[in-house]
Amino acid sequence: LAAGMKSESDEGLLLDGILSQARVDGSEIRRLLSQSHVRASDLIAEPEHRVEAMLQRAGLVVGDIFKIVRALRGFHSDGGGGGGASSQPQGKAARGSRNQPTMRCGLIVYSTTVLIVTLTILSFYLPAMIYHVRSTNHRMTRSTTYSTTLHGHYSLPAALGGLPAGGAMPAPRGPSGARVMMVTANQPLPCTTRRGDWIMELALRNKLMYATLHDYKTWWSTELVSAWDLEAAWNKIPLLYVLMHPESPVTQGVEWLLWMDDDAIFTDMNFTMPLEQYDRDGINLVIWGDPQRVYRANDIQGLNTGVFLIRKCEWSRQLMAEVAALATPSIRRQIGNKGRIAEQGALTWVLHSQAERWKDRVQLERNFTLNGNWMDYAKKWVPGKPKLALPVWGNDAIPFVVQYAGCQMCRGHSENGSWHDGGVRKCQNAFIEAYTFGDDQVLSLLGLRHLTMDTHLVRASAGSELYQRHQRMTRCLPSFLVIGTQKGGTSSFHFLLKSGWHDAVRVNSGEKEIHYFSWDDQFRQGPLTYQQRFDGSGDRLGECTEETKLRGEVSATYLDYPKAAERAAMLLPSARIVVLLREPVARLVSSFNMKWQVEICGKLTWSRTDCYNGVTSMRVINENNVAPKQRAAAVKVWNECSVDKKGLDHDCLRRDFVDKLSAAISDEERRLGECAKPGAFEELGSCLGVQGLEQAKLYALMEGALFLYRSMYSEHLAKWLKVYPAEQLLVIPSERLKEAGDMKDTMGRFARFMGLSDSGAEVHNDLIFKSSPAAKGVGSDGHVHENGRTYIAEAPADLAEKIHKILCPKNQELAQLLLDKKLIAEVGDMPWLATALKRDIC
C-alpha cells in the first residue's frame, strides 16, 4: 500500500484513514506531522518502534501515539505487504528455494520471537485495548444497535447520535434527591491500625446519614472490580464505569454519581451541590481543581479525585475509559514518576492532553470547599456554630467535605514506610472532631448532641423533651463534683463545705467519699441510692427537699479511676467539676506513706498519726492486721526492726520506707518504659492494665502500685475534658488551701464558679480560720485524716530528682493542656507547675 502512493492527495487519504481508525484529534496531529515531514506511507512502511520514535519527535502526546500504533497494526494485518511479495525478482525466489531448510528454521525462530513479543506487549496494552475496542468499533460502524463487548455480559450503546447535548442519558426524575447516588468503597480486608475499623465505620455512617438526609441512593463497595490491573485507588474507575451503564439495574433513574473516598466525610450536612446549575451549563464532571495547574501545567495536584460528582452518561463512561487506558505499566512509566502514577494523575493527564475534547463539560469547582484538607481544619470546629473558629485561606465557612488524605488511618503506614503511630493518632483525633461536628447536625433532629467534640457520648440538647426529662430526674443529684487529686487537699475542702461555709451548698451525709462513679459496687446500686446519700432525698428520682441548695460531693478517686469521667458525664452532664492539683512528687510520697503505714500498722493507721510507734508487740500486729498479706509484711518488718521486742527502731523503719519506695518507683518506671515503645497501647492506663479490672484488683493496682501514673495529671485531666467542656472545670492548686488568706480567695473563686455570692451573710469565712480536723491530724470522730499523718522519712534527694525527671514530660503536657483549654491564664497561676518547668529539663 505504501509503495503504491503516487500523490499528496493519496497521502492525505491514507492519513485520514489512519487517524479515523485511531480516533484522535485529526487537525492537530496533521499539523504536527506536516511540520516534522512525517508521511502516512512512512508510518505504514516503518516498524512499530520506529513509528513510535517518529511520532514522539513530532510532538504527539503519549496517548495519541499508542492509539495510532494500534490502528497501524490493523493496516498491517489486512495484508499490507502482499504486493511487495509478488514483485520480488525470480532470482531471489530461486535462491530462497535452494535455502528452504535454513529459511524454515529461521521462520520458526522468527515466529517464536514474534509470539513472545506479542504476548509481552499484550500484557501491557490489553487493559487499554479492552476499554477502547468498544468505542473504536462503534465509531467505525455508526450503528445504533447494541452489541456485546469485552466488558462481559453488559450491552453497550453503539453511538452517541441519539443522546442529548453533552451525552447525558435521560433519566426519570424521582424525589428531590433520587437523581443522585452516593458511591463509596472500603478495602475488603480488616484495618491494621488500632481503632482503624471503628474510624472507617464512622466515616461510612457519616456518608450514609448525609445520603439519608437528602434522599440519595447509595452504593457501598468492598469489591476490587478489576484487581489484576486497576488496584487500590484505581478501583473507583471501573466501578463507576459499570454503574454508569445505561442498563445497570442499580442506577435506574439516577442522573449523577457522587464519589466519596473512604477517608472523606461530610461536615456541612445541610449543603447540597447546585445540580440545576450544572444542568443548565451542560456540566458532566464536577471536581475540585485549578484550571491553570490542570490544563497548562499538567500538575497532578491540580485536582483531587477523592470527591467528585459525575453525570451518568456515555461522555462520562468514555472519560473513565480514557483514564483506565493509562493504568497499564508501560504508559504509567511514560507519564508518571517511575510508573507510580495513580488515577488522579491519569485524569489530570487526560484533561491536559485532550483539553479540547473534555474541557467544556468539566467544572473545576472552587465556589465551595468540595474536599478540604484535614490539616487546615483541625482544632477549628466550634460546636453548634455555622462558622469556623479561625478562617482557612481567608474563609471561615464550614467546608462541604473534609478529606483525610495521607492519614492511612486504616493501613497505618505511608508508601515509604515513614508514617508512625503518633501520626495516625493525630489524624484520628482530628477526624473525630470533624465527624462529631457533622454528626451533631444529624443528632439535632432528635434533640441530641455530643458532650464534647472528641467523645461518642451524647446528651439531650437544651429545650428538648429528653433534656427536660433528664433535668426533672436529676435535679436532686449533685451540681458539682470535687474529683481529686488524692492527697491534694480534698479533706480540707470537704470539711469546709460540710461545716456550712456557704448556706446555699450541701454535701453528702455519712463518709466523706462516696466513690459512686469510680467503684463498680457503688455504681451498680443506681442513681436513686446515690441521691439518697444526701439529706432530704425522697424515694423516687427527682424528689427532694431543700431544692434551692446546690448539692455536691468530694471523691478523690474520680480524677484517675478509669470509668469515673464517662459515668459522671452520662448522669451529670451539667455538673461543675473542681480539680485540686498538688505538686506531683509530694503527692506521690504522701500516697506511698499512707500505703506503707497501712502495711506496717493495719487498723492503727486510722487512730494514730504516728501509728508505727503503736506497734509494740506481735499481739498488736495480729489484732490490727486483718489481711494475710498485710500481716505477713508487718511481721517481716517487726522481725527486722524491733528493739528488744518492745517497739520498732526508727532508723530501721526509715531504711525500710526508702527501700520500698525506691523499689516501687523502679518497678513502675520499667512498666512505663514498656508502654512507651512503638506499637504499645494508645492510652497509658490501658497499657498499665487499669481497664477492665474488677473492683478489688483495680483498687489494689491503683492504691498499691501506680504512684507515678496517678501523679501524671495530664493523662487524667484529658479524659475529663473529653466529656466535659473546659468551661465546666475549675482547677485549683493545692498550695492555695494551706494558708487561710489564700484559702479565702480560693473559696471565693469557687463560689463565683458555681454562680453563688462570694460574700455576705450566707458566706461564713470565719470557718476558714479554724483548724480543720485534717490540719489537727485527728478529728473529733477519733479518725486520722489523710494529710495528718507523720512521715518516718522523705524521699532521698537522688530519688526525688529521678521522680521529677520521669514526671517532667507530663508536667509539660499539663501546662500546655491548661493553657490551651484556658483553665489557667499563665503557668504562674499554678505555682508548683511553674517551679517544676523552670527546674526540670526533660
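## A few points about the overall build of the protein chain
When its secondary structure is counted, the protein chain shows 35 helices and 20 strands. In the protein chain, of all internal contacts separated by at least 6 residues, the share reaching a separation of at least 24 is 71%. Split by element, the accessible area of the protein chain, about 39700 Å² in all, is 54% carbon and sulfur.

## Regarding the state of the cysteines
Here the structure, examined in full by the defined rule, presents six disulfides. Residue pairing for Cys191: its cysteine sulfur links by disulfide to Cys410, the two sulfurs lying 2.0 Å apart. Between Cys191 and Cys410 the disulfide shows an S-S torsion of about -95 degrees. By sign, it is left-handed. Here Cys191, found in the loop between strand S3 (180–185) and helix H9 (196–213), pairs with Cys410, found in the loop between strand S13 (401–403) and helix H18 (421–443); they are 219 residues apart in sequence, far enough to count as distant. Of the two residues, Cys191 and Cys410, both sit in the buried class. Across the disulfide from Cys476 sits Cys544; the S-S distance is 2.1 Å. Across the disulfide from Cys476 to Cys544, rotation about the S-S bond amounts to roughly -80 degrees, and the bridge is consequently left-handed. Within this pair, whereas Cys476 is found in the loop between helix H19 (465–474) and strand S16 (480–482), its partner Cys544 is found in the loop between helix H22 (526–531) and strand S18 (550–554), the two being separated by 68 residues in sequence. Per residue, the accessibility class of Cys476 equals that of Cys544, and both read buried.

## Observations concerning empty space enclosed by the protein
In the structure shown here, the tally under the stated rule is seven cavities of 30 Å³ or more. For the second largest cavity, the full set of lining residues is Ser518, Trp519, Asp520, Pro562, Lys563, Val690, Gln691, Gly692, Leu693, Gln695 and Leu698. Looking at the lining of the second largest cavity residue by residue, the classes come out as five nonpolar, four polar and two charged.

## Some details on the environment of Leu451
The residue Leu451 is located in the loop between strand S14 (448–450) and strand S15 (458–460) in this model. Separated by 122 residues in the primary sequence, Leu451 and Pro573 have C-alpha atoms spaced 7.5 Å apart.

## Notes on the packing of helix H24 (residues 584–601) against helix H27 (residues 650–675)
For the pair H24 and H27, the least separation of the axes is 11 Å and the interaxial angle reads 120 degrees. Looking at the two axes, H24 sits oblique to H27. Judged by the sense of rotation from one axis to the other, the crossing of H24 with H27 is right-handed. Contacts between H24 and H27 involve Leu588, Val589, Phe592, Asn593, Trp596, Glu599 and Ile600 on the former and, on the latter, Leu653, Asp656, Phe657, Lys660, Leu661, Ala664 and Ile665. For the contact of H24 with H27, the residue count by class is ten nonpolar, one polar and three charged.

## Thoughts on the pattern of salt bridges
Throughout the structure, instances matching the rule amount to 34 salt bridges. Between Glu322 and Arg357 there is a salt bridge, with the nearest N and O atoms lying 3.0 Å from each other. Of the two residues, Glu322 is situated in helix H13 (residues 314–325) and Arg357 in helix H16 (residues 355–358); the sequence distance between them amounts to 35 residues. Accessibility expressed as a relative area gives 4% for Glu322, which makes it buried. A salt bridge links Asp656 to Lys660; the nearest nitrogen and oxygen atoms lie 3.2 Å apart. In this pair, Asp656 and Lys660 are both assigned in helix H27, four residues apart and thus about one turn of the helix distant. Salt bridges sharing common partners tie together Arg179, Glu255, Glu276, Asp279 and Arg311.

## Let's talk about the sheet that holds S16
Read across the open sheet, the five strands follow the order S17-S18-S16-S19-S20; overall the sheet is parallel. Of all strands in the sheet, those bounded by a partner on one side alone are strand S17 (505–507) and strand S20 (729–733). Direction aside, the axes of adjacent strands within the sheet are offset by 25 degrees on average. Two elements, S17 and S18, share three bridges in a ladder whose sense is parallel. Looking at the pairing, Val505 lines up with Leu550 of S18.

## Side note on unusual backbone geometry
Leave glycine aside and you will find that most residues have negative phi; peptide bonds, for their part, are mostly trans. Going from Gly484 to Thr485, the amide bond is cis rather than trans, its omega being 25 degrees. Position of Thr485 relative to the elements: it lies in the loop between S16 and helix H20 (490–498). A positive phi angle is found at His515, which is not glycine, with a value near 60 degrees. Relative to the assigned elements, His515 resides in the loop between S17 and helix H21 (520–523). At Asp644, a position not held by glycine, the phi torsion is positive, near 55 degrees. Mapping Asp644 onto the fold places it in the loop between helix H26 (628–641) and H27.

## Here we look at the packing of aromatic side chains
The full count for this structure, using the stated rule, is 30 aromatic pairs. Measuring from centroid to centroid gives 5.3 Å for Tyr516 and Phe523, while their planes differ by 50 degrees, and the two rings are tilted. An aromatic cluster of three or more residues is present, and its members are Tyr210, Tyr216, Phe266, Phe271, Phe368 and Phe400. We note Lys359 situated over the ring of Tyr295; from NZ or CZ to the ring centre the distance is 4.8 Å.

## What to know about the environment of Ser221
Note that Ser221 resides in strand S4 (residues 217–221). For Ser221, a relative accessible area of 0% puts it in the buried group.

## Re helix H2 (residues 26–35)
Along H2, the positions that sit buried rather than exposed are Gly26, Ile29, Leu32 and Leu33. Seen end-on, H2 carries its buried residues on one side only, within an arc spanning 135 degrees. Residues of H2 that are exposed and point over 90 degrees away from its buried face: Ser27, Ser34 and Gln35. Note on H2: the residue one or two positions beyond its end, His37, has a positive phi of about 60 degrees.

## Looking at the pairing of strand S7 (residues 285–289)
Remember that side chains alternate between the two faces of the sheet whenever the strand is regular. Of all five residues that make up S7, four are buried, and the element is covered over most of its length. Summarising the sheet, S7 and strand S8 (residues 303–311) pair through four bridges and their orientation is antiparallel. When the sheet's bridge partners are listed, Ile287 is paired in S8 with Phe308. Note that S7 and strand S9 (residues 362–365) share four bridges and pair parallel. If you follow Leu285 over to S9, its bridge partner there is Val362.

## Digging into the confidence of the model for the protein chain
Looking at the protein chain, pLDDT values average 82 and 79% of them are 70 or higher. Within the model, pLDDT remains below 50 along residues 123–176, and this stretch shows 104 contacts once partners closer than five positions in the same chain are excluded.

## Things to note about the environment of Ile514
With respect to the helices and strands, Ile514 occurs in the loop between S17 and H21. If sequence neighbours within four positions are ignored, Ile514 has contacts with Asn508, Gln522, Tyr530, Arg533, Glu553, Val554 and Ser555.

Rules of the game
Residues numbered from 1 in each chain as written. Predicted model: local features only at pLDDT ≥ 70, side-chain atom pairs only at ≥ 80, totals over all residues. Heavy atoms only, no water. Helix = DSSP H or I, 4+ residues; strand = E, 2+ residues; numbered from the N terminus. Contact = heavy atoms within 4.5 Å. Areas by Shrake-Rupley, 256 points an atom, 1.4 Å probe, with all protein chains shown as cover. Disulfide = S-S within 2.5 Å. Buried < 20%, exposed > 50% of the residue type's maximum accessible area, 1.4 Å probe, protein only. 1 Å grid on protein atoms, 1.4 Å probe; cavity = no way out; pocket = protein on both sides within 12 Å on 5 of 7 lines; lining within 4 Å. Points joined across faces, edges and corners; volume = space filled by probe spheres on them. Nonpolar A, V, L, I, M, F, W, Y, C, P; charged D, E, K, R; others polar. Axes fitted to C-alpha atoms, helices over the stretch in contact; angles between N-to-C directions. Parallel < 35°, antiparallel > 145°, perpendicular 65-115°, else oblique. Left-handed = near helix turned anticlockwise from the far one by under 90°. Salt bridge = Lys/Arg side-chain N within 4 Å of Asp/Glu carboxyl O. Pairing = 2+ DSSP bridges. Phe/Tyr/Trp six-rings, centres within 6.5 Å; stacked < 30°, edge-to-face > 60°. Lys NZ or Arg CZ within 6 Å of the ring centre and 35° of its normal. Arc of directions from axis to C-beta. pLDDT = per-residue confidence, 0-100.

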